[in-house]
Amino acid sequence: MKQYRIGYTQGVFDMFHIGHLNLLKRAKEQCDFLIVGVNSDELVMQYKQKTPIIRETERKAIIENIKCVDQAEIVDTLDKLNAWNRFHFDAIFIGSDWKGNSRWEETGRQLRQVGADLVYLPYTDGISSTILRKDADQKVEG
Ligand code: CTP
């Protein structure tokens, strides 16, 4: 039996890449039902001051058709307690790149109080949406 019943993870998942896939596969190894929150275009604009290359409806469509994903929903807040109230997950999974981040440590404490675990999964080195965007820009600049 898997460790958790409902697992949750949230991100932009722009230009879906192998780092995203590794994270989702590892998350599904630990839960029966994996829900993925896909950050809305407006939310990404608010906190990153840039719009994703792939629009939210398409990012959601890609994510929900990945074999290890059971449900995908567009979310418009970074507040993980808000996500917990919506999805009642038993664990939230994030990449180990966030380890030591004080905001996530506080989130972990808050989620513990409602009975959910914060689980760090290995980050895949050398790939990110930011890197892909930069590489593409460099190719254009030539
Ligand atoms: N992630 C990962 N390995 C990578 C890239 C992302 O494990 N190489 C994880 C992140 O830790 C997060 C999830 O995938 O839990 C979604 O991350 P997201 O921010 O959408 O992906 P990035 O490609 O890192 O995007 P950006 O470069 O804009 O930060």
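This structure is a prediction, so every number in the text was calculated from the model and none was measured. (Residues numbered from 1 in each chain as written. Predicted model: local features only at pLDDT ≥ 70, side-chain atom pairs only at ≥ 80, totals over all residues. Heavy atoms only, no water.)

1. A short note on the pattern of salt bridges
Keep this limit in mind: We count a salt bridge whenever a side-chain nitrogen from Lys or Arg sits within 4 Å of a carboxyl oxygen from Asp or Glu. The numbering of helices and of strands both runs from the N terminus, where a helix is a DSSP run of H or I of at least 4 residues and a strand a run of E of at least 2. Relative accessibility decides the category of a residue: with a 1.4 Å probe and only protein chains considered, values under 20% of the type maximum give buried, values over 50% give exposed, and everything between is partly exposed.
Applying the stated rule across the entire model yields 8 salt bridges. Notably, a salt bridge pairs R109 with E106, separated by 3.1 Å at the nearest N-O pair. Separated by 3 residues within a single helix, R109 and E106 lie in helix α5 (residues 102-113), roughly one turn from each other. Among the residues examined, E106 registers a relative accessible area of 35% and is labelled partly exposed. Across the pair D117 and R112 runs a salt bridge whose closest N-O atoms are separated by 2.8 Å. We classify D117 as partly exposed; its relative accessible area is 22%.

2. Structural notes on unusual backbone geometry
Trans peptide bonds make up the majority, and among non-glycine residues the majority have a negative phi. Positive phi values are uncommon outside glycine, yet Q49 reaches one of about 55°. Of note, the phi angle at H88 is positive, near 50°, even though the residue is not glycine. Structurally, H88 is set in the loop between α4 (80-87) and β4 (91-95).

3. Description of the site of the ligand
Selection rule: It suffices for a single heavy atom of a residue to lie within 4 Å of a molecule or strand for the residue to be listed as near it. Pairs of N or O atoms are called polar contacts if they sit within 3.5 Å, as long as, within protein, a hydrogen donor faces a hydrogen acceptor (for residues adjacent in sequence, only side-chain-to-side-chain pairs). To be clear on the numbers: accessible area is Shrake-Rupley with a 1.4 Å probe, and residue cover counts the displayed protein chains and nothing else.
Looking at the ligand, there are 17 residues lining it, with K48, T124, I127, S129 and T130 nearest. Between H20 and the ligand, the recorded distance is 2.9 Å, taken from a side-chain N or O atom to an oxygen atom. Between the ligand and the protein, one listed contact pairs an oxygen atom with a backbone N or O atom of G95 at 3.2 Å. Coverage of the ligand by the protein chains reaches 89% of its 570 Å² of free accessible surface. Broken down by secondary-structure element, the contributors of at least two residues to the shell around the ligand are α1 (18-29), β4 and α6 (129-141).

4. Remarks on the nonpolar core
Short version of the rule: Take the buried Ala, Val, Leu, Ile, Met, Phe, Trp, Tyr and Cys residues and link them wherever side-chain atoms come within 4.5 Å; each set so joined is a nonpolar core. Contacts were defined at the residue level, with two residues in contact if any of their heavy atoms lie within 4.5 Å.
Ranked by size, the top nonpolar core spans 18 residues in total, and within it L24, L34, V36, I63, V69 and F93 carry the most contacts. Elements supplying a minimum of two residues to this core: α1, β2 (31-39), β4 and β5 (117-121). Sort the elements by how many residues they give to this core and β2 lands first, with 4 residues. Not counting chain neighbours up to four residues away, the residues in contact with L24 comprise T9, F13, F16, L34, V36, I63, C68 and V69. In this structure, Y8, A83, W84 and L111 belong to the second largest nonpolar core, which totals 13 residues.

5. Some remarks on the packing of aromatic side chains
Just so we agree on the cut-off: Pairs were defined over the aromatic rings of Phe, Tyr and Trp, the Trp ring being its six-membered one, requiring ring centres within 6.5 Å. Orientation was assigned from the angle between planes: stacked under 30 degrees, edge-to-face over 60, tilted for the rest.
Enumeration according to the criterion identifies 3 aromatic pairs in this entry. For the ring pair Y8 and F87, a centre distance of 5.2 Å and an interplane angle of 25° mean the geometry is stacked. One end of the pair, Y8, is in strand β1 (residues 4-11); the other, F87, is in helix α4, and 79 residues separate them in sequence. Residue classification places F87 among the buried positions, given a relative accessible area of 10%. On the basis of an interplanar angle of 5° and a centroid distance of 4.9 Å, the ring pair of Y8 and F89 is categorised as stacked. Within this pair, whereas Y8 is found in strand β1, its partner F89 is found in the loop between α4 and β4, the two being separated by 81 residues in sequence. F89 shares its class with Y8; the two are buried.

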